[in-house]
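Fold and geometry: a report
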Amino acid sequence: MKRFVISFVLAFFSLTTGYSQYFSTGQEPASIRWRQINTKHFQLIYPEDYEEKAQQVAFVFEKVYAYGSKSLKHEPRKISIILHTRTVKSNGLVAWSPKRVELFTTPHQAIYAQNWLEQLAIHEFRHVVQMDKIQQELPDILPILFGEQAAAVAVGAYLPFWFIEGDAVVTETALSKAGRGRLPSFLMENKAQLLEKGAYSFNKASLGSYKDFVPNRYKFGYWMVGGTRQKFGSQVWENVISEIAKRPLSITPVDRVLKRETGMNQAGLYRSLFADYQKEWSREVAGVDISKVQEITARQPFFTRYTQAYALNDSTWIALKESRADLSRIVKLTPNSEELVMTPGAIFKESFSGRGNQLIWSERRPDIRWTHADRSVIVVYNSETNEKQVFEHENKLFSPTISPSFKQFAAIEVDHSNHYFLSIFDLQNGQLLQQFKLPGNPYLLTPCWDDSGNSLFFVTQSSEGKKLTSLDVMTGHSKVLMDGHFHEIRNPYFADDKLYFTGSFSGIDNIYQLDLNSKLTKQLSSVPFGADYPASIGGGLVFSNYNSDGFQLVQLHQNEMVNKELDSTIFKTYPLAEKLASQELGIPDFSEKEHAVFETKPYRKLAHLFNFHSWAPAYIDAAEEDVKPGVSLFSQNKLGTAETRLGYEYDWADETGKYIAGFKYSGWFPVFDAEVSYRKPSAHYWLIENTIDQESGAIIASDTTKQRFSWKELNIDASVYLPLQFSQGKYTQYVRPKIDYAYQNIAHTTDTPHEFYEGYYHSVTYQLYLQNMLRQAELDLRPRWGQALELTFRDGLKGGSDVGDLSAVQAYLFVPGFMQNHGTRFYYGYQKRNLGTAFTFGNIVRSPRGYKSFQNNEIYTFSADYVMPLAYPDWSLGRWIFLKRLRANFFYDYAHATGNLYNQEGQVAGLFSTDMQSIGVDLMGDGHFLRLLTPVSFGLRTAFLPNSQKTYFQLLFSVDFDSL
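Quantities reported herein were computed from a predicted structural model and do not represent experimental measurements.

What counts and how
Residues numbered from 1 in each chain as written. Predicted model: local features only at pLDDT ≥ 70, side-chain atom pairs only at ≥ 80, totals over all residues. Heavy atoms only, no water. Helix = DSSP H or I, 4+ residues; strand = E, 2+ residues; numbered from the N terminus. Rg over C-alpha atoms; globule rule 2.2 N^0.38 Å. Buried < 20%, exposed > 50% of the residue type's maximum accessible area, 1.4 Å probe, protein only. Phe/Tyr/Trp six-rings, centres within 6.5 Å; stacked < 30°, edge-to-face > 60°. Lys NZ or Arg CZ within 6 Å of the ring centre and 35° of its normal. Axes fitted to C-alpha atoms, helices over the stretch in contact; angles between N-to-C directions. Parallel < 35°, antiparallel > 145°, perpendicular 65-115°, else oblique. Left-handed = near helix turned anticlockwise from the far one by under 90°. Contact = heavy atoms within 4.5 Å. Nonpolar A, V, L, I, M, F, W, Y, C, P; charged D, E, K, R; others polar. Expected span 1.5 Å × (residues − 1). Pairing = 2+ DSSP bridges. Core = buried A, V, L, I, M, F, W, Y, C linked by side-chain atoms within 4.5 Å. Polar contact = N/O pair within 3.5 Å; in protein donor to acceptor, adjacent residues only side chain to side chain. Patch = residues over 30% accessible without salt bridge, like charges linked within 9 Å, V, L, I, M, F, W, Y side chains within 5 Å. Areas by Shrake-Rupley, 256 points an atom, 1.4 Å probe, with all protein chains shown as cover. Salt bridge = Lys/Arg side-chain N within 4 Å of Asp/Glu carboxyl O.

Comments concerning the overall build of the protein
Looking only at helices and strands, the protein features 13 helices and 52 strands. Taking 30 Å as the expected radius of gyration for a compact globule of 964 residues, we find that the protein reaches 32 Å, a close match to that expectation. Overall, the C-alpha framework of the protein stretches about 130 × 65 × 55 Å when taken along its three principal axes. The burial tally for the protein puts 55% of its 964 residues in the buried class.

Set out below in structure tokens:
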């Protein structure tokens, strides 16, 4: 057991060093009043104005509990669910340490035929089952030693993320009539990649690539987890999780169980399953009579999507272009050219459209302070005059569309309580003119106008699936035009008394046409993987056609259309999804959710300020990426506004310890952070001991002995700052004013020499940080444009020891490189220090690479960096290393510093002036170790120092936890 515990401690340290013990998604406005519902298995925490929906969510989770637990054979313990209702984000997550579920309740406009909150409940609860099963089945000693972090470490070390998400997608598919396993747009990416580019290596398929587009872990995981269950039974993955929990220190627990259950390890299972898929999908595509289309856009070197196009005339189109290698752009397309129209901000899904020269979209704007109070704004842009208008509304707005009269626009409106409206606004001033809510409060998606401006067409989505619906804006009367049930219907487009839309009835997304006069529905396109975003002009059809390199814009002429009447008797079924469903208890019945009544009570923020969730038999300093002997205790409240850290650090060399207590509170407009530490450090000095003759007083012997002494040291650091966001469009702006107070008191003990310093000092630091950055594309190594400025002044306050003061300025400038995804960064730093009589502040500005920091009075420093990708090798060394990118950073550093020279008595004897330079290159590799999802960067720095004519080398290594 001793060896077992020590090994797990080492694994724990390796995974937690440099990774914060606190994971917070952000904060809600401080003005929100919270309530809670406590059921048998869940605690719901929600804003008080979300009462009606919170009751339904509580009912849904309780209903899901038995269904979502079955195939993993585990019933999890009670867990808290926090509902974020003010944000425009659409997501859900399960976090461990502290354990909780967080739901972002606003649906997005690309939602499939499943109720958003029901889908979230099924998917996220499955994650709860996964994590809690590991937590409860771990050897008892590990939760005792580490708390909730024990399960988090075991999952991070061994359980592939493609399994975690793939298993949840399998569950949402098996426990519903929809789910992403029945969504062709979700399934098509792996099909296209496999049939057009062949099977990638297992490392590339599971960890991604910078060179080629690789479907994400949700999609890859569905095919892996689902295919395994189909061929070998649902018990396989339950056994995998149990093995990880019961033997957390085994080297390859997943491979061992898979080998026992299937005869193959992960890589072998992947090759086997996808070989079968390739045969099956090849037969499917071979059976499709593919439409002959004319390409408007060509395939790009990197994965690119041309979507949501509309016609300016017979030969000119406006479209949204999204690329891994570039920012999202609105472009004008002709048969022979592509012209940039403008670069928008963060556009929401399915929220761009236009009419004539007027473009309109909905984009995200952060709140100045609160992460979970971001909002949507409507942007109207005239491509002829370059005039832009921005309209804000109290509620969230999505998918705007301009009326034929150019006087109004319609948009989907969502309030904080998940009431859904189709609303009409004045195009000139953004004023709300009309608001329509449909019976039963279905979610509304992607509206479009008829030619007269009297009717709107859109998709409604509810627990009954999706329906194509119309609304008479004069009378407010709505009617269902087509019931798609749980098949996909989206992105309607009106032209010539016909409604074009994307449908999934054949198992492949294609473009369909509903004749509003004859009520006849026809399939128009026939593509191998997926078609979307229809637009019609001159009897022809333009749409986005999917392939392994993205969405191309294509034109389908009328004489090439399929014109196949829709036959509901041959709608596509999904054998894999049906097999998975047969392994579960069935589909939960949520029909009574609107009648749910649970007891509620207030949730007092002050009463729930502390929530100790994890600890460790070591002192872990996440900020300094350091682990030392001692103990640590961590607390984070469920709303993510209060973090507490307690610890004891032991220094083996000095045989002394330090007590640390820290607290951070982010629930008010300013953020408060404080830490108190107390220690009794020790040091040594050499003492000359003389033996004196008692009669003559002469020294007859002399010896030098090493003496140990100690002192008491109390440190207090407290800061207050404002993290303010001012982002607009394609730029992100950030401002952070900060004030920090520091106090240190040195007190003697009985063995402290009287010459040793005794007293205290305290200081205040004033800091202002300003940033303006262009958003980055996925493949950018640095921002292409940007500026950052940091001003700092540290003042040693009177009343204690004199520590002087320090002033510093640091500035960064980012400019584009010579080629795409290259980047240039310039740095300038200046620092002036007035030395104190006791001691003085440390340096703030950077020294040139290759030089150690040293005390100075004044320093100017400058550096220039040029970073560029060299290659995207996608090279593997077994399971140990997967190298995705090679890059180089060329740099030049210069500094000029002046300072005091001291004699042997410590007195100022003059001044020095020195110049420092370094020229070098960092050769770096980006990839993954041990198939862990967390990206790592490693490499070698080589620099030449002209002043000393020396060359130095430095190994570089970093882990990017922010990418998770």
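Now that the structure has been shown, the text picks up again.
Quick word on the packing of aromatic side chains
Remark: the centre distance and the inter-plane angle together describe each pair of aromatic rings, the angle taken between the planes. A full pass over the atoms with the stated rule returns 50 aromatic pairs. Here the aromatic rings of Phe42 and Phe125 are separated by 5.8 Å at their centres, their planes lie at 70 degrees, and the arrangement is edge-to-face. You can see Phe42 sitting in strand S2 (residues 42-47) and its partner Phe125 sitting in helix H3 (residues 116-137), a full 83 residues away along the chain. Residue Phe42 is classed as buried on the basis of its relative accessible area, which comes to 2%. What makes Phe125 buried here is its relative accessible area of 0%. An aromatic cluster is present here, built from Trp162, Phe163, Phe186, Phe202, Phe220, Tyr222, Trp223, Trp237, Tyr270, Phe274, Tyr277 and Trp281 joined pairwise through their rings. Over the ring of Tyr200 we find Lys204, and its NZ or CZ is 4.2 Å from the ring centre. One residue, Arg369, lies across the ring of Trp370, its end atom 4.4 Å from the ring centre.

A few points about the packing of H3 against helix H6 (residues 161-174)
Contact pair H3 / H6: the axes reach a minimum separation of 9 Å and the direction vectors enclose 135 degrees. When the axes of H3 and H6 are compared, the pair comes out oblique. Seen along the crossing, H3 lies across H6 with a hand that is right-handed. Along the contact surface, H3 presents Gln119, Ile122, His123, Arg126, His127 and Gln130, while H6 presents Phe163, Ile164, Glu165, Asp167, Ala168, Val169, Thr171 and Glu172. When its residues are assigned to classes, the contact of H3 with H6 shows 5 nonpolar, 5 polar and 4 charged.

So, H6
Relative to the 20 Å expected for 14 residues at 1.5 Å per residue, H6 spans 20 Å between its end C-alpha atoms, a close match to the ideal helical length. The buried fraction of H6 is high, at 13 of 14 residues.

Considerations on the sheet that holds strand S20 (residues 455-462)
Spatially, S19-S20-S21-S22 is the arrangement adopted by the 4 strands of the open sheet, whose pairing is antiparallel. Among the strands making up the open sheet, the edge pair consists of strand S19 (443-449) and strand S22 (478-485). Put simply, the sheet's adjacent strands are angled 20 degrees from each other on average, direction ignored. For strand S21 (residues 465-472) and S22, the ladder comprises 6 bridges, and the chain directions are antiparallel.

What to know about the nonpolar core
Ranked by internal contacts, the top residues of the largest apolar core, which has 120 residues, are Leu44, Leu83, Ile134, Leu159, Tyr222, Met224 and Phe274. Ranked by residues supplied to this core, first place goes to H3 with 10 residues. Once residues within four sequence positions are removed from consideration, Met224 is found in contact with Trp162, Phe202, Trp237, Gln266, Leu269, Tyr270, Leu273 and Phe274.

Here we look at the side chain of Thr469
One can find Thr469 in strand S21. A distance of 3.4 Å separates the side chain of Thr469 from the side chain of Thr460, its partner in a polar contact. Beyond its immediate stretch of four places on either side in the chain, Thr469 contacts Leu438, Leu456, Phe457, Phe458, Thr460, Ser478, Lys479, Val480 and Leu481.

Some remarks on the packing of helix H9 (residues 217-232) against helix H10 (residues 235-246)
Packing of H9 against H10 brings their axes to within 8 Å, and their N-to-C directions diverge by 115 degrees. Note on element contacts: H10 touches H9 through Gln235, Val236 and Trp237, opposite Met224, Val225, Thr228, Arg229 and Phe232. Residues belonging to the contact of H9 with H10 are distributed by class as follows: 5 nonpolar, 2 polar and 1 charged.

Brief notes about the pairing of strand S36 (residues 642-651)
Sheet topology places strand S35 (residues 630-636) next to S36; 7 bridges connect them, and they run antiparallel. When the sheet's bridge partners are listed, Gln636 is paired in S36 with Glu643. Linking S35 back to S36 in an antiparallel pair, the connection comprises 5 residues, with Gly640 at a positive phi of about 70 degrees. Taken together, S36 and the strand that follows it, strand S37 (residues 656-665), pair antiparallel across an intervening segment of 4 residues, in which Glu655 is found at a positive phi of about 55 degrees.

Regarding the sheet that holds strand S18 (residues 432-436)
The strands making up a sheet are joined through hydrogen bonds of the backbone, oriented either antiparallel or parallel. Ordered in space as S15-S16-S17-S18, the 4 strands form an open sheet in which the pairing is antiparallel. In the strand order of this sheet, the two ends are held by strand S15 (396-402) and S18, each with one partner. For this sheet, the mean angle separating the axes of adjacent strands, direction not counted, is 25 degrees. Of the pairings in the sheet, the one linking S15 to strand S16 (residues 408-414) comprises 5 bridges and is antiparallel in character. When the bridges of S16 are listed, Leu397 appears paired with Glu413.

Observations regarding a nonpolar patch on the surface
A contiguous nonpolar surface patch, about 350 Å² in accessible area, is contributed by Tyr659, Val676, Tyr678 and Leu714. Inspection of the secondary structure assignment puts Tyr678 in strand S38 (residues 671-679).

Considering helix H11 (residues 253-262)
Every buried residue of H11 is listed here: Pro253, Val254, Asp255, Val257, Leu258 and Thr262. In this fold, the buried residues of H11 make contact with helix H5 (149-158), H9, H10 and helix H12 (266-286). Just beyond H11, the residue with positive phi is Gly263, at close to 85 degrees.

What about the environment of Ile660?
Locating Ile660 in the fold gives a position in strand S37. The buried category is assigned to Ile660, whose relative accessible area is 7%. Sequence-distant contacts of Ile660, defined by excluding residues within four places in its chain, comprise Tyr619, Arg645, Leu646, Gly647, Glu649, Glu675, Val676 and Ser677.

Notes on the pairing of S38
Across 8 bridges, S37 lies against S38 in antiparallel orientation. Each residue of the ladder has a partner; that of Ala661, found in S38, is Val676. The antiparallel hairpin formed by S37 and S38 contains 5 residues in its connecting segment.

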